[in-house]
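Here's the letter readout for the chains.
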Amino acid sequence: MANSSTGDSVVDRVVRVIGAFPEGVTVLQLSELAARAQLPVTTAHRLVRQLAGHGLLELGSGGSVRLGLRLWELVNRNSPTLALRQAAMPFMEDIQQVLNQNVNLAVLDGWEALFVERLSRRGSVPNRAQIAGRMPVHISSAGLALMAGQPPAVQADYLRQFHDPAGKLGADKLRTLLQEAASHGFAQLAGVVDPDTWGIAVPVRDARNRTVAALGVVVPLREMRLQALVPALQTAARGIGRQLNDAKNPAAFRSAESM
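We now turn to the structure provided with this report. (Residues numbered from 1 in each chain as written. Predicted model: local features only at pLDDT ≥ 70, side-chain atom pairs only at ≥ 80, totals over all residues. Heavy atoms only, no water.)

### Re the overall build of the chain
In terms of regular secondary structure, the chain is built from nine helices and nine strands. Split into buried and exposed, the 259 residues of the chain put 44% on the buried side. If you take every contact in the chain between residues at least 6 apart in sequence, the share linking residues at least 24 apart comes to 52%. For the chain, the exposed area adds up to about 13,900 Å²; of that, 52% sits on carbon and sulfur atoms. (Helix = DSSP H or I, 4+ residues; strand = E, 2+ residues; numbered from the N terminus. Buried < 20%, exposed > 50% of the residue type's maximum accessible area, 1.4 Å probe, protein only. Contact = heavy atoms within 4.5 Å. Areas by Shrake-Rupley, 256 points an atom, 1.4 Å probe, with all protein chains shown as cover.)

### Considering helix H6 (residues 141-148)
When you tally the buried positions in H6, you get eight out of eight residues, the bulk of the element. Of the positions making up H6, those classed as buried are Ser141, Ala142, Gly143, Leu144, Ala145, Leu146, Met147 and Ala148. Two or three places before alanine 142, at the opening of H6, serine 140 has a side-chain oxygen 3.2 Å from that residue's backbone nitrogen. (Polar contact = N/O pair within 3.5 Å; in protein donor to acceptor, adjacent residues only side chain to side chain.)

### What to know about the packing of aromatic side chains
In total, this model carries two aromatic pairs according to the counting rule given. Residues tryptophan 111 and tyrosine 158 carry aromatic rings whose centres are separated by 5.4 Å and whose planes lie at 45° to one another, so their mutual orientation is tilted. On the criterion of sequence distance, the pair formed by tryptophan 111 in the loop between strand S4 (102-109) and strand S5 (112-119) and tyrosine 158 in helix H7 (residues 152-161) is long-range, its members being 47 residues apart. For tryptophan 111, a relative accessible area of 33% puts it in the partly exposed group. With 5.9 Å between their ring centres and 55° between their planes, tyrosine 158 and phenylalanine 162 make a pair best called tilted. You can call tyrosine 158 buried: its relative accessible area is 2%. With a relative accessible area of 13%, phenylalanine 162 lands in the buried category. Taken together, the aromatic side chains of Trp111, Tyr158 and Phe162 make up a single cluster linked through ring pairs. (Phe/Tyr/Trp six-rings, centres within 6.5 Å; stacked < 30°, edge-to-face > 60°.)

### Let's talk about the pairing of S5
Across the eight residues that make up S5, a large majority, six, are buried. Of the pairings in the sheet, the one linking S4 to S5 comprises seven bridges and is antiparallel in character. Paired with leucine 105 across the bridge in S5 is glutamate 117. Between S4 and S5, which follow one another and run antiparallel, lie two residues, and glycine 110 among them has a positive phi close to 70°. One ladder, built from three bridges, connects S5 with strand S6 (residues 134-136); its direction is antiparallel. (Pairing = 2+ DSSP bridges.)

### Concerning the nonpolar core
Membership of the largest hydrophobic core comes to 29 residues, with the highest contact counts inside it found for Leu84, Leu105, Ile200, Val204, Leu215, Val217 and Ile240. Broken down by secondary-structure element, the contributors of at least two residues to this core are helix H5 (82-99), S4, S5, strand S8 (197-205), strand S9 (211-220) and helix H9 (226-245). If you look at the next biggest cluster of nonpolar residues, it comprises 26 residues, including Ala106, Ala113, Ala142 and Ala201. (Core = buried A, V, L, I, M, F, W, Y, C linked by side-chain atoms within 4.5 Å.)

### Thoughts on the sheet that holds S8
Spatial ordering of the open sheet is given by S6-S5-S4-S9-S8-S7, a layout of six strands whose pairing is antiparallel. The open sheet has two edge strands, S6 and strand S7 (187-190), and neither has a second partner. On average, each strand axis in the sheet is tilted by 30° relative to the strand beside it, whichever way the strands run. Relative to S8, S7 runs antiparallel, the two being bridged by four bridges. Bridge pairing in S8 places alanine 187 opposite alanine 201. The sheet contacts of H5 involve S4, S5 and S9, and relative to S5 the element is tilted by about 65°. (Axes fitted to C-alpha atoms, helices over the stretch in contact; angles between N-to-C directions.)

### Structural notes on the packing of H7 against helix H8 (residues 171-184)
Where H7 contacts H8, the axes come no closer than 10 Å and their chain directions differ by 150°. Considering the angle they form, H7 stands roughly antiparallel to H8. In this structure, H7 crosses over H8, and the sense of that crossing is right-handed. Residue-level contacts link Gln155, Tyr158 and Leu159 of H7 to Ala171, Leu174, Arg175 and Leu178 of H8. Class assignment for the residues of the contact of H7 with H8 results in five nonpolar, one polar and one charged. (Parallel < 35°, antiparallel > 145°, perpendicular 65-115°, else oblique. Left-handed = near helix turned anticlockwise from the far one by under 90°. Nonpolar A, V, L, I, M, F, W, Y, C, P; charged D, E, K, R; others polar.)

So, in structure tokens, the structure goes:
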């Protein structure tokens, strides 16, 4: 129900307040939070106090506001990707142990790859994928692997609206990349996000052969070994799929086909 002069509801404003924290920022001043949420300071203050009463936000000295532990608890306890992360972690650890490089796990959310888990270690190459971070499909090997496994109607909708802000990639070239990823069973991108790295990702499929996630690695260009990397990733992805399909550990999220 809308009960403000702008027509937005209380829920709309609460979502804007919680969503005002940018990636990697855990504390904001009340005035900055209000500006980012596009709310008057008095309205933001009232909502923050109410949310703090439930532990979803915390009010600090000097007008600082941080995300509350209760919010973290609810998100982690009831996350729709919890079953996926639990199924994937042993296989991701094995891949990381063998390659000594970054390993990531992503799901498709709209036209973006949403990274739900990442393993890295000291000495590995830079990896821009962060847990709970997003990347457009076309600049992420995980994104390409995910989109390549979606139904034709989903891919057609994606390509119809696609526009590369950098002007480097057209829809026809992107269509070819998706076709190659579907045909080869893996996606690869070299030097797109970082000029010295190569991203490779494979789909994770459920019992109905739907692509529900992508398992990927980021390696140095000079150490690129597709003949070794791809089979290892595909074996791990099949293992994750089997774990998800175990009746004792059902997947708790959906592919784009089921949405």
